Amino acid sequence: MSVTVLQNFIDGEFVNSVNTGQYIDSHNPATGKVHVKIPDSTKADVNNAVEAAQAAFKTWSKLPRTRRSNFLYRIADILESRLKEFAEAEVRDQGKTITFATNVDINRSVYNFRYFAGHVLHAEEKVGQLDGVAMSYVQRWPVGVAGLISPWNLPLYLLTWKIAPCIASGNTCVCKPSEFTSLTAYMLCSVFKEAGLPNGVVNMVFGSGQSAGEALVTHPNVPLISFTGGTVTGKHIMASSVKHMKKLSLELGGKNANIIFDDCNFEQAVETSIRSSFWNQGEICLCGSRIFVQETIYQKFLDAFIPKARDLVVGDPNDSKTFVGALNNLKHMEKVLMYIDLARQEGGVIECGGSRKILQGELSEGYFVEPTVITGLPPTSRVAQEEIFGPVVTVHPFTDEQQAIDYANDSPYGLSCSVWSENDRRARRVSESIQVGTVWVNCWLIRDLRMPFGGTKASGLGREGADYSMDFFTELKTICLANF
Ligand code: NDP
């Protein structure tokens, strides 16, 4: 298979890195073979990209919002017309299934551009009348050059979730996608070109977090960083950006609880729990990796859930029948397997899965792991506390409502939670007691982009979505006019 060599995208042109000839190998997770080489960009590349973004900001920030919106609509249309090509590339680069890549990653990337193209036209500012004394209103303006840093699990979706509100609000940006999944971000640059997006509005610098990422975070002319990734990296970025007092949004890890009461719609709870545990190989920050089941239906739940998990098709990500594709990279697969071993050491019972899955032919070196269900561990065990980010869930019984709430909240993270109960009052009571950014009742992963999205505790800082993203990507001033 041929290897694609990427270039940075700076000031509307594809250019080689200043770090000539230095590349990072990126592997196809399903085959383990190198399929992309990404430039190992340095501070000098980031400096060039920031300069281009600063120059573009002068005109882009002054463009009427209707014109900016038109560019976003055009980008959405072009991306949509190339959906299949992008989905196939995401599969090769990330390891996820073609079904997921098509329906979630790329489809929602199109929607991100279309959504913010519309939203920017309809956003309203607050005006206050103060008892005949004064009238105040809010003035909003873009911040400048934004640094957008994204992870490898939902590569294009999470990147476009940042780019769309960022440029719709009049900012320009320098993006640093994950070194493991840069391919679709690179392809997106050709969409920008085709859409006629002015040069320098979006710049893409590929490379490692330690080099290109760090240079972006510490750049004095990048006043804003939007980061999605792990909590350890997030803390580091927070510390590095302090010197310049940057505006910071951190979307970090999770260890989300899935609470199932005995008065739930059982079939729905089981079906959805399969998806919330194993979709995208468990590599979604919102996956429910700790399942708490009321003791009265604990065994019934295991009897229904485990066979379904065992029967999930692990295999060729390009096959539409496959449910679980490859984990994104070798190091990550080793980490996931390490946690399964740790579960054994902690006294857990591996009810199904528990191993790397070796496939045949060209997939024989792929990073596949069987869907794994673990019981018998206390909710305080390391495996039930630390983010694994793979197709691994722990299941625990609970006695009553209060114990379920306590278990769910006993976590350093606070991203999301699912609650399953047909008793509306109970569902509401429990939902309001869980310390997270999103609670789903009798569902999972339904996203209304108008709602705030983000985490509490170690899951992050700030909120994204509709006005929340627009607030982050703009500065706000209150102007108070005395009545005269
Ligand atoms: P990482 O934190 O390893 O990396 C995220 C991004 O940060 C990558 O582009 C990485 O670069 C870059 N980076 C690494 N070090 C630095 C640095 N010193 N300065 C600047 N940038 C840096 O996360 P993963 O890619 O492993 O993603 C998985 C994590 O993301 C999980 O914890 C998951 O929960 C979280 N996540 C959170 C979401 C949310 O909305 N809360 C959504 C999705 C994922 P590179 O990889 O190129 O080295």
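Keep in mind it's a predicted model, so treat the numbers as computed, not measured. (Residues numbered from 1 in each chain as written. Predicted model: local features only at pLDDT ≥ 70, side-chain atom pairs only at ≥ 80, totals over all residues. Heavy atoms only, no water.)

**A short note on the sheet that holds strand 7 (residues 134–142)**
Reasoning step 1: Within the open sheet, the three strands sit side by side as 6-7-23. Their pairing is antiparallel. The open sheet has two free edges, formed respectively by strand 6 (127–130) and strand 23 (474–482), since each of these has just one partner strand. Each adjacent strand pair in this sheet contributes to an overall mean axis angle of 20 degrees, direction not counted.
Reasoning step 2: Note: strand 6 against strand 7, four bridges, orientation antiparallel. From the neighbouring strand, Leu130 faces strand 7, where its bridge partner is Ala134. (Pairing = 2+ DSSP bridges. Helix = DSSP H or I, 4+ residues; strand = E, 2+ residues; numbered from the N terminus. Axes fitted to C-alpha atoms, helices over the stretch in contact; angles between N-to-C directions.)

**Quick word on the layout of surface pockets**
Reasoning step 1: Here the second largest pocket defines a volume of roughly 280 Å³.
Reasoning step 2: In terms of lining residues, the second largest pocket is bounded by 14 residues, among which Met1, Asn28, Thr31, Glu362 and Leu363 are the most central.
Reasoning step 3: Elements represented by at least two residues in the lining of the second largest pocket include exactly strand 5 (33–39) and helix 3 (83–94).
Reasoning step 4: Counting residues per element, the lining of the second largest pocket draws most heavily on helix 3, which supplies three residues.
Reasoning step 5: Classifying every residue of the lining of the second largest pocket by side-chain character gives six nonpolar, three polar and five charged. (1 Å grid on protein atoms, 1.4 Å probe; cavity = no way out; pocket = protein on both sides within 12 Å on 5 of 7 lines; lining within 4 Å. Points joined across faces, edges and corners; volume = space filled by probe spheres on them. Nonpolar A, V, L, I, M, F, W, Y, C, P; charged D, E, K, R; others polar.)

**Looking at the domain arrangement of the chain**
Reasoning step 1: As assigned here, the chain comprises domain 1 (4–252 + 459–480) and domain 2 (257–450).
Reasoning step 2: Between the C-alpha centres of domain 1 and domain 2 the distance comes to 30 Å.
Reasoning step 3: Listed per partner, the contact involves 33 residues of domain 1 and 34 residues of domain 2.
Reasoning step 4: Carbon and sulfur atoms make up 56% of the area that domain 1 and domain 2 hide from each other, which totals about 2,700 Å².
Reasoning step 5: Where domain 1 packs against domain 2, one counts zero salt bridges.
Reasoning step 6: Summed over the shared surface of domain 1 and domain 2, the result is 12 residue pairs in polar contact (both at pLDDT 80 or more).
Reasoning step 7: Looking at the side of domain 1 that touches domain 2, the elements with two or more residues in it are helix 3, helix 4 (98–122), helix 5 (155–168) and helix 15 (466–472).
Reasoning step 8: It is helix 4 that provides the largest number of residues to the side of domain 1 that touches domain 2, a total of seven residues.
Reasoning step 9: Class assignment for the residues of the side of domain 1 that touches domain 2 results in 15 nonpolar, 13 polar and five charged. (Domains from an automatic or database assignment. Contact = heavy atoms within 4.5 Å. Buried area = accessible area lost by both parts, 1.4 Å probe. Salt bridge = Lys/Arg side-chain N within 4 Å of Asp/Glu carboxyl O. Polar contact = N/O pair within 3.5 Å; in protein donor to acceptor, adjacent residues only side chain to side chain.)

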